[in-house]
Amino acid sequence: MRKLLVSLPLLALSLHAQKAEFWPGAQYDPAIPTIQQVLGHEPGTRIAPPGDIVRYFEALAAAAPTRIQIREYAKSWEGRRLIYAVISGEENIRNLEQIKATQLKLADPRKTSAAEAKKLMAGMPSILSLSYGVHGNEISSPDAAMMTAYHLLAARGDQMIDNVRKNVVVLIDPIQNPDGRERFVHNFRVNEGLLPDESPVAAERAEPWPGGRTNHYFFDMNRDWHAVTQPETRGRIQYLRQFLPLVQVDLHEMGGNSSYFFTPGSLPYNPNLTQDQKDQMNWFGKNDAKWFDKFGWPYFTREVYDEFYPGYGASWPWFYGGMGMTYENASVRGLVLRRSDETLYTFQESVKKHFVGSIATCETALDYREKLLDSFYRYQVTAIEEGQKEPVKEFILPRQGDPGAVDKLAHILAEHGIEVRQAKAAFKNGGKDYPAGSYTIVLAQPRKRFIHALLDPNTPMEPDFLKEQERRRKKKLADQIYDVTGWNLPMSFNVDCVGAAEVSQGSFEPVTGAYEPHGAVSGRAEVAYLVPWGTQAAGRFLTAALRADLRVLTANKAFTQAGRKYPSGTLIVMVKQNPAGVHEKVAAIAAASGAEAVATNTGWVEDGVNFGSAYVGAVKKPAIAMLWDAPTSSASAGQTRFVLERQYGYPVTVVRTSSMGALDLDKFQVLILPSGGYAGALSPMVTDRLKNWVREGGVLVGIGAAVSYLSSPQVGLLGVTQEGLAQDTGRPADAAKPAAGGAGVGAGSTTPAAGAPPAAGPAGAGPAPGKIFNNMQDYEKAIRADRELPDSVAGVLVRAKVDPETWITAGLPETLYVLVDGRAIYSPAKVDRGTNPILYAGPNELVASGYLWEENRKQLAYKPFLTMQSEGRGVVVGFTSDPNFRAYMDGLNVAFLNAVFRYTGGGGRGGAQQEQENQ
């Protein structure tokens, strides 16, 4: 019996494990190991975990070392290897370093003349990059990567493949997100039953929070290419810059009821794409269509997946002169899926589609080799020519405000291959003085278009596209904007960027490598070390000093000492209040954090507060807890944890929402609620415990949708209200009413379902009085919902104004840039309920970069980005938009750190400053 029980699942599995022909009539070299021989299953019949994928590529490299090389380019956060394979003919592999050097020569016409370039291109293979599995739960592409590599190495008697080996160098990144894929595979395997389950709601494909899409810190790495916050992204950019592939394909999955998408992509196009690049999309799309037609597979193009945002994996290549493409495959999310039309769709078929798409792309890269190379070289030539002729000849990043943020931005640009210079001495440009250490980016360089894409204040979308979105909005149809519309990096970092009409003259040196902070201590203090607040470096100093158990004070008002003005929030490390070794600790922390620590031998100040003032309080070393798991937004939770742990080196205890009832809150001083719908997830008992904990001195920080929970009548910890859509009166409509037991505003709908009968009027009432519509405007006004939320915003950078006279805004500049998305707009807290330390700017100066609906622009003006309410000895802080968005809104770091670390309460409602004010 035991033998029978063991064999039944294997027999059932074999029904779905049939050997399939992936390429018509293909014959293979038996010396190259198959997936079956190495991993024990036929292609597409099991979902290979990350380790198996790497193992298979290593087996290929061992079998054909002269035609494939395997290189490790990074490790994931969880320590998994990230590799890429280089596959080509023996001669190309032997001459690989020369091929890379030639490609780099073609990338710079200042060093390579047109005549020389023509000679180089004559014998140059095209370089193609195929990238698979950046989203861990999009499972078909990594398995297709194995089959693609096998076919390129083992196929015999196929003239097209022979020519590809001779004339194309293929880079294969088989598994861009091993941590996310491991999560998916684990869930799938622990939920497998006797047969692969075809039900769309089967547990094997219903992923628990956070799902497998993202990496360890829950980042969507297909949004990270311009900001380079993750090690996986940084490693990919480093190796791709060595090759500069003419073509890069990022292979994805979409809903299981869909078909297959390939290029051309949809509008909007980034305006920095050239016409050559747009034309090339058709070359690849038409050849993909040829092969999909042969197999009888439906497909679509142009309808979705734009070419606008520069943070996609398929966007980055456009900006060095290559081309990028997104391929999207219907996902099985298991081994077999019954679709809505009752057809069965197998994992093996989905793998085959991505495999065929990959091989078809190899063929196109072969057929258009000469044109792709010529276009690549011409891109560099025209970029330099445009940079010489356009009004803006140079961008300047003055090293002022937050110098470390300026340094970090300059190095990110350099990591992308943009030429950045740093001034060895002060210089002038356009009548303005710039300090030593400032950076300049000359536009007459090959990366000119990427510079514009990242540094231009605004990147416009096509007018016709925007007109269509406004038409759709008017009819209450969903807009077609796929991702954020504003991403300007200087604004995200809150640093100045100046466009100059001439190239700066002076002494400059090139910027290379990744950013590494470098700080220093000026002198040896007898009384104290002062660290001016308001910079990322000062934030890193504070977190490191707390972890090193230094006693750190913070001033809640500015002061002047020895002729230098120190801002509110400045850190004070008193020598006598700290143990022996304080000098060495301060020096080490300053050096590693990049902070400036100023030694002082006196507590005397010329103006402002002395070190013993009631406006100076100790910064506690907080134990920080953060909610984790559903209904928390995994993106908000992950990026918040990442900012604290990886950018500022401070540990966070993540607590599952379901464990809140048993959590001993007294062990924590700070609790963070990332964006999420907590109403209904946190019981009234837990809410009462939260209130009591705050009153006893806790700091509760709510982000995004968590503000809706904290401000709800049932909780009442923030004095703001989410607004409905403003109507003709110019005043906000009443807030939409939440459904019973819902997640707050917007959880339910007051609009009847389509086809529902009209609501009954009062008993015995007759028909409602008739209305006369004189025009379409009357009709449109009549059909408006009684209550509705503002239209959702894809993502736009807006300005916010700072009230400097609060502890939570210490060290902040007058203006901040905030990334606003979604539809939540909150009324400001009334003076008897709380304060609104940071408000969005007025309607005429609100929009900084991107596209914002006109109604939202008017309604968002003067509404709070940050709101705050004191409760007993504690405080509740609400960020109505996420300050940690994708971990590249560096300009908001200090505001977030203030909320988490700077509350010095415990002896009064608001700490030292408020204590004195209440006396």
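Our structure's up above, just so we're on the same page.
Residues numbered from 1 in each chain as written. Predicted model: local features only at pLDDT ≥ 70, side-chain atom pairs only at ≥ 80, totals over all residues. Heavy atoms only, no water.

Asker: Quick question: what am I supposed to make of the overall build of the chain here?
Answerer: Within the chain, the secondary structure is distributed over 26 helices and 41 strands. Here the chain has a C-alpha radius of gyration of 30 Å; the compact-globule value for 919 residues is 29 Å, and the two agree. With respect to the principal axes defined by its C-alpha atoms, the chain has extents near 90 × 90 × 75 Å. For the chain, the proportion of contacts with a sequence separation of at least 24, taken over those separated by at least 6, is 78%. As presented, the chain carries roughly 36600 Å² of accessible surface, and 52% of it is formed by carbon and sulfur atoms. Side-chain charges of the chain comprise 96 positive and 97 negative groups, with the mean position of each set lying 1 Å from the other. (Helix = DSSP H or I, 4+ residues; strand = E, 2+ residues; numbered from the N terminus. Rg over C-alpha atoms; globule rule 2.2 N^0.38 Å. Contact = heavy atoms within 4.5 Å. Areas by Shrake-Rupley, 256 points an atom, 1.4 Å probe, with all protein chains shown as cover. Lys, Arg positive; Asp, Glu negative; His and termini not counted. Charge placed at Lys NZ, Arg CZ, Asp CG, Glu CD.)

Asker: It is not clear to me how the side chain of S711 should be interpreted in this structure. Could you clarify?
Answerer: Tracing the backbone through its elements, the reader meets S711 in the loop between α22 (706-710) and β34 (721-722). A distance of 3.4 Å separates the side chain of S711 from the backbone oxygen of S708, its partner in a polar contact. The contacts of S711, once residues within four sequence positions are left out, are L718, V720 and Y826. (Polar contact = N/O pair within 3.5 Å; in protein donor to acceptor, adjacent residues only side chain to side chain.)

Asker: What should I look at first to understand helix α18 (residues 536-547) in this one?
Answerer: Think of an α-helix as turning once every 3.6 residues; residues three or four places apart then point the same way. Here α18 contains twelve residues, and its C-alpha end-to-end distance of 17 Å stays within 8% of the 16 Å for a straight helix at 1.5 Å per residue. In terms of residue burial, α18 counts as a mostly covered element, since ten of its twelve residues are buried. Taken residue by residue, α18 has Q536, A537, A538, G539, R540, F541, L542, T543, A545 and L546 as its buried positions. The secondary structure elements touched by the buried residues of α18 are α14 (403-415), β22 (528-531), β26 (571-574), α19 (582-593), α20 (634-647) and α25 (893-901). Within two residues after α18, D549 carries a phi angle of roughly 65 degrees, on the positive side. (Expected span 1.5 Å × (residues − 1). Buried < 20%, exposed > 50% of the residue type's maximum accessible area, 1.4 Å probe, protein only.)

Asker: Is there a simple way to think about the pattern of salt bridges in this case?
Answerer: Where side chains of opposite charge bring their charged atoms close, a pairing between them can arise. The tally for this structure, following the rule as stated, stands at 46 salt bridges. The partner of D220 in a salt bridge is R223, with the nearest N and O atoms 3.7 Å apart. With a relative accessible area of 18%, D220 lands in the buried category. Owing to a relative accessible area of 10%, R223 belongs among the buried residues under this scheme. D629 is paired through a salt bridge with R656; the nearest N and O atoms lie 2.8 Å apart. Here the residue D629 occupies a position in the loop between β30 (624-628) and α20, and R656 occupies one in strand β31 (residues 653-656), the gap between them amounting to 27 residues. Residues participating in the shared-partner salt-bridge network are E138, R213, D220, R223, D483 and R886. (Salt bridge = Lys/Arg side-chain N within 4 Å of Asp/Glu carboxyl O.)

Asker: Looking at this structure, I do not really get empty space enclosed by the protein. What am I missing?
Answerer: Over the atoms rolls a probe the size of a water molecule, and its path tells where empty space is left. What the rule picks out here adds up to two cavities of 30 Å³ or more. Taken together, P790, V793, V820, D821, G822, R823, A824, I825, L852, N856 and L860 make up the full set of residues lining the largest cavity. Elements with a contribution of two residues or more to the lining of the largest cavity: β36 (815-822) and α24 (854-860). By residue number, the principal contributor to the lining of the largest cavity is β36, which donates three residues. If you trace the second largest cavity, you find it lined by R241, L244, W316, F319, Y320, H416, R447 and F450. Its residues assigned to classes, the lining of the second largest cavity shows five nonpolar, one polar and two charged. (1 Å grid on protein atoms, 1.4 Å probe; cavity = no way out; pocket = protein on both sides within 12 Å on 5 of 7 lines; lining within 4 Å. Points joined across faces, edges and corners; volume = space filled by probe spheres on them. Nonpolar A, V, L, I, M, F, W, Y, C, P; charged D, E, K, R; others polar.)

Asker: Explanation requested: the sheet that holds strand β7 (residues 247-254) in the structure shown.
Answerer: Paired through their backbone hydrogen bonds, the strands of a sheet run either parallel or antiparallel. Strand order in the open sheet made by the seven strands is β2-β3-β6-β4-β7-β11-β8, with mixed pairing throughout. At either end of the open sheet lies a strand with only one pairing partner, and these are β2 (68-75) and β8 (260-261). Relative to strand β6 (residues 168-173), strand β3 (residues 81-87) runs antiparallel, the two sharing three bridges. Among the inter-strand pairings, A85 is bridged to a residue of β6, identified as I172. Strands β4 (126-132) and β6 of the sheet are contacted by helix α8 (residues 159-167), whose axis makes an angle of about 90 degrees with β6. Each of β4, β6, β7, β8 and β11 (323-330) is contacted by helix α12 (residues 347-367), which is oriented at about 165 degrees to β4, the strand it contacts most. (Pairing = 2+ DSSP bridges. Axes fitted to C-alpha atoms, helices over the stretch in contact; angles between N-to-C directions.)

Asker: Is there a simple way to explain the nonpolar core in this structure?
Answerer: Inside soluble globular proteins, nonpolar side chains tend to come together where they are buried. Membership of the largest hydrophobic core comes to 125 residues, with the highest contact counts inside it found for F57, L152, I172, V247, L413 and I441. Membership of the second largest hydrophobic core comes to 94 residues, among which are A227, A537, V820 and M868. (Core = buried A, V, L, I, M, F, W, Y, C linked by side-chain atoms within 4.5 Å.)

Asker: Please clarify how the environment of T543 should be interpreted in this entry.
Answerer: Looking at where T543 falls in the secondary structure, it is placed in helix α18. With sequence-adjacent residues up to four places away left out, T543 is seen in contact with Y648, Y650 and F901. Within the structure, the side chain of T543 is placed 3.1 Å from the backbone oxygen of R540, a separation counted as a polar contact.

Asker: Is there a simple way to explain the packing of aromatic side chains in this structure?
Answerer: Where two aromatic rings form a pair, the distance of their centres and the angle of their planes describe that pair. Inspection of every chain in the model, using the stated rule, returns 48 aromatic pairs. Here the aromatic rings of F292 and Y299 are separated by 6.3 Å at their centres, their planes lie at 90 degrees, and the arrangement is edge-to-face. Each residue in the set F261, F300, Y305, F308, Y309, Y312, Y482 and W487 is aromatic and connected to the rest through ring pairs, giving one cluster. The side chain of K294 reaches across the aromatic face of W291, ending 4.2 Å from its centre. The ring of Y379 has R449 lying over it, and the distance from NZ or CZ to the ring centre is 4.5 Å. (Phe/Tyr/Trp six-rings, centres within 6.5 Å; stacked < 30°, edge-to-face > 60°. Lys NZ or Arg CZ within 6 Å of the ring centre and 35° of its normal.)

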